[in-house]
Amino acid sequence: MAKTVCIVGAGPSGLVAAKHLLHATTVFHVTIYDKQPRLGGLWPVSPSDTKRQIHPLMVTNQSRHTVHFSDLAWEADTPHLPKGWMVGQYLEQYKRRWLSDAEIVLGKEVVRTERAGTGWKVVVSGGGSQEENKFDHLVVASGFFGEPRVDKQIVEGATVPVAHSSAYRDLKSLLGDEPCKGSKLLVVGGQMSGFEIAGTAATHIATVRNTPDAPKVLSKGPESLTVHHLIQRPVWVMPLHLTAQATKSPPFLPLDIPTSNLANRPPPLSDTQGHISEQAALASNAGFEFMLGTNQAEYSPLLGFVDDAVRRNQAFVSVSEHYCNFVRDGKITVQNDRLVSMDGNTAHTNSGTVEDVAAVILATGFGASKGVSFLPSSVLKTLHYDPSYSNLPIALAFHGAYHPDVANLGFVGFYRAPYWGIMEMQARFLAVLWSDGEKPPGFSETVGRDQSIERTLRLRGDPRGSQFPMGDYLFIMTEFSAALDIPISPSPPDPPLPPSPHLDFLCPARYNPDNGKEATRTALDAHTTIYKGITTPLFVARAVFRSLLGTWRLERSLTSKDSQARFSGTAQFLLRERFIADKWTVEEYLHVEEGTLVAADGQSVHETKRYIWRYTEQDDRLSVWFAKPDDPKQVDRLFHQVEFAMPTTTGEESHESVRGWLAHGTHLGSEDYRDIKYEFTFKQINLESWTVAYGVKTAAKDYTIAEEYQR
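## Remarks on the sheet that holds strand β4 (residues 109–116)
Turning to step 1, where the next piece is worked out: The strand order across the open sheet formed by three strands is β4-β5-β6, and the pairing between neighbours is antiparallel. Single-partner strands in this sheet number two, and they are β4 and β6 (129–135). Geometrically, the sheet is characterised by an average inter-axis angle of 20° between neighbouring strands, direction not taken into account.
Turning to step 2, where the next piece is worked out: In this sheet, β6 lies alongside strand β5 (residues 119–126) in antiparallel orientation, the contact comprising seven bridges. Within β6, the residue paired with G126 across the bridge is S129.

The following block contains the structure:
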């Protein structure tokens, strides 16, 4: 006789739980309930699906090589970093591929559950009525981010718009149709979402400021609105692409690949998260500084990890492409403080006030209580439920999968920042736990020595607790691997990776006992991406484009047979409209040069030039365009494409160790021909300096130009 299972939630965790129960050795009949009218949980399913907690155009902060389940490959033309709506589409496809036998009930909310003998009584509400059903097992897959945390007493005195970060979409929807009257967009929150939303809002402000025909939401001139960000500690801010090699011309890969490198963690693995000792904190902060090539003090002293007093504290991280350069350029002001209350358009903080606030975005996180509110109080007591510990509201066994005293209750994805690979492992674990017959050889031993519940209770209130209590993805995956007897498969042998840098990426598809077609395809996709990232300039154009934002010192020399002149000034790269063409992102900078040209005879003249730099994600291409003379914010015509070339090895020393990334472009105009040569010199992930050299030849002109850009 089939065992019945109720799954609460039709997001990623609910769907993967259903799949593995339906394909277990024991027959399970699965019913999924979700209060939303469509599946996907937080994830929107189309570009116009703006009612979810995730913006449909948000770029995931992990690549498709981590954001997947082992038994469904992404479509080949998916961006390496999918948009939010693409993840929703992936889940729709997953449902069609694997869940034809599941009963999925949308638009109905589980409001109450009770223990009923050896099973569960589940009460659902929807459509103006309630119904009651009985099940043998219950899976909580309702998500950890149940409800935005907003302290209404703090913001109730505000006369300006206030929104939670999960509800922010753009400036127009935040500020309304009227031009804003304040000068500061106040972002409150010093963890991941705070940095992400501050960078996003600064990007939107820059877009309005630098794009022709942008919505008129700024009323006090081009510099009127800036982001004012309240934080409580320095946080490491990582871009979406990192490098695994410290050179002046480093290769780049999506950030989850070098950070999920098993080659850096020789077995047996131990948990690096939880309680963080001072020694571990020093090592971790040193690792982030090496990875990013900076202690971040160059952007702001409040972001800097300079003295040991700061570096002895546990590391906190966030992800944002442009946050740090916006801070450097004065478009984001950082303040170490906490919001106490709002009075009109004035924010009162612990140390004073922030005046002339235009709007407030609260990046204050989520409460998980709603995700377990339907469980009976007796069960919550068994789970050591305490909502005051927002990161650890319940204590579960074996890495958040179940509790031995309520063995017919399971959890999938109910922890802060769940990885897709771990959600799939938790789903497999429950299928094995509840199935009849023998368990895998290592199951009892591995589960028997687990101390997850005791660990959780110890961490509650620990001032040295890590940012993500279950943040050691590699360790947890190997623990599930041992319990379920699912060894990691070798990386694909072809194409062969070079010996340096040594990368052994933990791709979830490598944990697939059947080694099916989908898993093989997904693992090969990740392997091929790593190969191209190391052996070709893939993602280099993206890294250069990201690093250009802000102001550079520019020195230019113009040399001809008879004379020489020198230009000194600045070059600003002003980020502007980001628009979507189908799946792909296109971003631009307005490049503005201002300075003085001094001729050999001492005469000088003020000069201004404008170009548009464009990055197209689909072909990973950087290009430079002329601006229209009569409308300098508008693109006129193509100047040249920037073509990167792989560093070559010459003599005994590798080329990349002494030179930056080389690139070239050609321009054949109606009056001249230019062969343009670039060198982009990196310090780890950030562009440190760059040069341009080219000749101009016409019937009347013959001279060379050399340019050097420094921060």
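That shown, we press on.
## Quick notes on the pattern of salt bridges
Turning to step 1, where the next piece is worked out: Across all of its chains, the model carries 31 salt bridges by this definition.
Turning to step 2, where the next piece is worked out: One salt bridge connects E92 with R38, and the closest N-O pair in it is separated by 3.1 Å. Placement of the pair is E92 in helix α2 (residues 84–98) and R38 in the loop between β2 (28–34) and α2, with a sequence separation of 54 residues.
Turning to step 3, where the next piece is worked out: The exposure class assigned to E92 is buried, which follows from its relative accessible area of 15%.
Turning to step 4, where the next piece is worked out: Here D636 makes a salt bridge to R637, at a shortest N to O gap of 3.4 Å.

## Structural notes on the side chain of S689
Turning to step 1, where the next piece is worked out: If you trace the backbone, S689 turns up in strand β34 (residues 686–697).
Turning to step 2, where the next piece is worked out: When residues no more than four places from it in sequence are discounted, the contact partners of S689 are W552, E679, F680, T681, Y709 and Q710.

## Overview of the nonpolar core
Nonpolar side chains in soluble globular proteins tend to end up buried together.
Turning to step 1, where the next piece is worked out: Ranked by internal contacts, the top residues of the largest apolar core, which has 101 residues, are Y323, W613, F644, Y678, F680 and W690.
Turning to step 2, where the next piece is worked out: When sequence neighbours within four positions are dropped, the list of residues in contact with W613 reads F545, L548, F573, E587, E588, Y589, H591, L622, S623, V624, Y678 and W690.
Turning to step 3, where the next piece is worked out: Core analysis: the second largest hydrophobic core is formed by 63 residues, F28, W434, F443 and M470 among them.

## A few points about helix α13 (residues 452–459)
Turning to step 1, where the next piece is worked out: Residues of α13 that are buried: S452, I453, R455, T456 and L459. Summarising the axial view, the buried residues of α13 lie within an arc of 160°, below the 170-degree limit, and thus occupy one face.
Turning to step 2, where the next piece is worked out: Where α13 is buried, its residues contact β22 (402–403).

## Focus on the sheet that holds strand β25 (residues 564–581)
Turning to step 1, where the next piece is worked out: Overall, antiparallel pairing links the 10 strands, which are arranged β24-β25-β26-β27-β28-β29-β32-β33-β34-β35 in a closed barrel. The mean angle between the axes of side-by-side strands here comes to 25°, regardless of whether they run parallel or antiparallel.
Turning to step 2, where the next piece is worked out: Across nine bridges, the pairing between β34 and strand β35 (residues 702–710) is antiparallel. Looking across to β35, one finds that T691 is bridged to E708.

## Things to note about the environment of A246
Turning to step 1, where the next piece is worked out: Structurally, the position occupied by A246 is in the loop between β13 (241–242) and β14 (253–254).
Turning to step 2, where the next piece is worked out: Taking the C-alpha atoms as reference points, A246 and F290, separated by 44 residues in sequence, lie 8.5 Å from one another.
Turning to step 3, where the next piece is worked out: Not counting residues up to four positions away in its chain, the partners in contact with A246 are F290 and Q684.

## Looking at the layout of surface pockets
Turning to step 1, where the next piece is worked out: By volume, the second largest pocket amounts to about 590 Å³.
Turning to step 2, where the next piece is worked out: Together, 27 residues line the second largest pocket, and H20, H23, R428, P513 and D514 are the ones closest to its centre.
Turning to step 3, where the next piece is worked out: Elements with a contribution of two residues or more to the lining of the second largest pocket: α1 (12–22), α2, α11 (420–434) and α15 (517–535).
Turning to step 4, where the next piece is worked out: Among the residues making up the lining of the second largest pocket, the classes are represented as nine nonpolar, eight polar and 10 charged.

## Here we look at the pairing of strand β1 (residues 3–8)
Turning to step 1, where the next piece is worked out: Among the six residues in β1, five count as buried, and that is most of the element.
Turning to step 2, where the next piece is worked out: Bridge count for β1 against β2 is six bridges, and the pairing is parallel. Residue V8 lies in a different strand from β2, and its bridge partner there is Y33.
Turning to step 3, where the next piece is worked out: As a crossover connection, the stretch from β1 through α1 into β2 is right-handed.
Turning to step 4, where the next piece is worked out: Of the strand pairs in this sheet, β1 and strand β7 (residues 137–140) are connected by four bridges, and their pairing is parallel. Bridging across to β7, I7 finds its partner in V139.

## A short note on the confidence of the model for the protein chain
Turning to step 1, where the next piece is worked out: Averaged over every residue, the pLDDT of the protein chain is 94; the share at 70 or more is 97%.
Turning to step 2, where the next piece is worked out: For the stretch residues 651–656, pLDDT sits under 50, and the model shows 11 contacts to residues farther than four places along the chain or on other chains.

## Considering the packing of α1 against α2
The axes of two packed helices give the description: the angle between them and the distance between them.
Turning to step 1, where the next piece is worked out: Taken N-terminus to C-terminus, the directions of α1 and α2 make an angle of 15°; their axes are 11 Å apart at the nearest point. The angle between the axes of α1 and α2 places the two elements in the roughly parallel class. Crossing hand, α1 versus α2: left-handed. Judged by residue contacts, P12, L15, V16, K19 and L22 of α1 engage L91, Y94 and W98 from α2.
Turning to step 2, where the next piece is worked out: Across the contact of α1 with α2, the residue classes break down as seven nonpolar, no polar and one charged.

## Focus on unusual backbone geometry
Turning to step 1, where the next piece is worked out: Each neighbour pair has its own omega, and for P267 with P268 the value is 0°, a cis peptide bond.
Turning to step 2, where the next piece is worked out: Cis rather than trans, the peptide bond between D494 and P495 has omega equal to -5°.
Turning to step 3, where the next piece is worked out: On the secondary structure map, P495 appears in the loop between α14 (473–484) and α15.
Turning to step 4, where the next piece is worked out: We note that A417 has phi near 60°; this positive angle belongs to a residue other than glycine.
Turning to step 5, where the next piece is worked out: What makes A417 partly exposed here is its relative accessible area of 32%.
Turning to step 6, where the next piece is worked out: The backbone of D485 shows a phi angle near 55°, a positive value even though the residue is not glycine.
Turning to step 7, where the next piece is worked out: Positionally, D485 belongs in the loop between α14 and α15.
Turning to step 8, where the next piece is worked out: For D485, a relative accessible area of 46% gives the class partly exposed.

## Comments concerning the side chain of N285
Turning to step 1, where the next piece is worked out: Positionally, N285 belongs in helix α7 (residues 278–292).
Turning to step 2, where the next piece is worked out: Look at N285 and you get buried, because its relative accessible area is 0%.
Turning to step 3, where the next piece is worked out: The contact partners of N285, leaving out residues within four places of it in the chain, are W236, F305, V310, R311, N313 and A315.

## A look at the pairing of strand β26 (residues 584–599)
Turning to step 1, where the next piece is worked out: Of all 16 residues in β26, 12 are buried; the element is thus mostly enclosed.
Turning to step 2, where the next piece is worked out: With 15 bridges joining them, β25 and β26 adopt antiparallel strand pairing. Looking across to β26, one finds that L574 is bridged to L590.
Turning to step 3, where the next piece is worked out: Of the strand pairs in this sheet, β26 and strand β27 (residues 604–616) are connected by 13 bridges, and their pairing is antiparallel. Looking at the pairing, E588 lines up with R614 of β27.
Turning to step 4, where the next piece is worked out: What sits between β26 and β27 in their antiparallel hairpin is a turn of four residues, with G602 showing a positive phi close to 95°.

## Observations concerning empty space enclosed by the protein
Turning to step 1, where the next piece is worked out: Within the structure shown, the criterion is met by four cavities of 30 Å³ or more.
Turning to step 2, where the next piece is worked out: Counted as a void, the largest cavity has a volume near 220 Å³.
Turning to step 3, where the next piece is worked out: Lining the largest cavity are 19 residues, with L392, G400, Y415, T456 and M470 sitting closest to its centre.
Turning to step 4, where the next piece is worked out: The dominant element in the lining of the largest cavity, judged by the number of residues it contributes, is α13, at three residues.

The rules behind each value
- Residues numbered from 1 in each chain as written.
- Predicted model: local features only at pLDDT ≥ 70, side-chain atom pairs only at ≥ 80, totals over all residues.
- Heavy atoms only, no water.
- Pairing = 2+ DSSP bridges.
- Helix = DSSP H or I, 4+ residues; strand = E, 2+ residues; numbered from the N terminus.
- Axes fitted to C-alpha atoms, helices over the stretch in contact; angles between N-to-C directions.
- Salt bridge = Lys/Arg side-chain N within 4 Å of Asp/Glu carboxyl O.
- Buried < 20%, exposed > 50% of the residue type's maximum accessible area, 1.4 Å probe, protein only.
- Contact = heavy atoms within 4.5 Å.
- Core = buried A, V, L, I, M, F, W, Y, C linked by side-chain atoms within 4.5 Å.
- Arc of directions from axis to C-beta.
- 1 Å grid on protein atoms, 1.4 Å probe; cavity = no way out; pocket = protein on both sides within 12 Å on 5 of 7 lines; lining within 4 Å.
- Points joined across faces, edges and corners; volume = space filled by probe spheres on them.
- Nonpolar A, V, L, I, M, F, W, Y, C, P; charged D, E, K, R; others polar.
- Right-handed = clockwise from strand over helix to strand, strands pointing away.
- pLDDT = per-residue confidence, 0-100.
- Parallel < 35°, antiparallel > 145°, perpendicular 65-115°, else oblique.
- Left-handed = near helix turned anticlockwise from the far one by under 90°.

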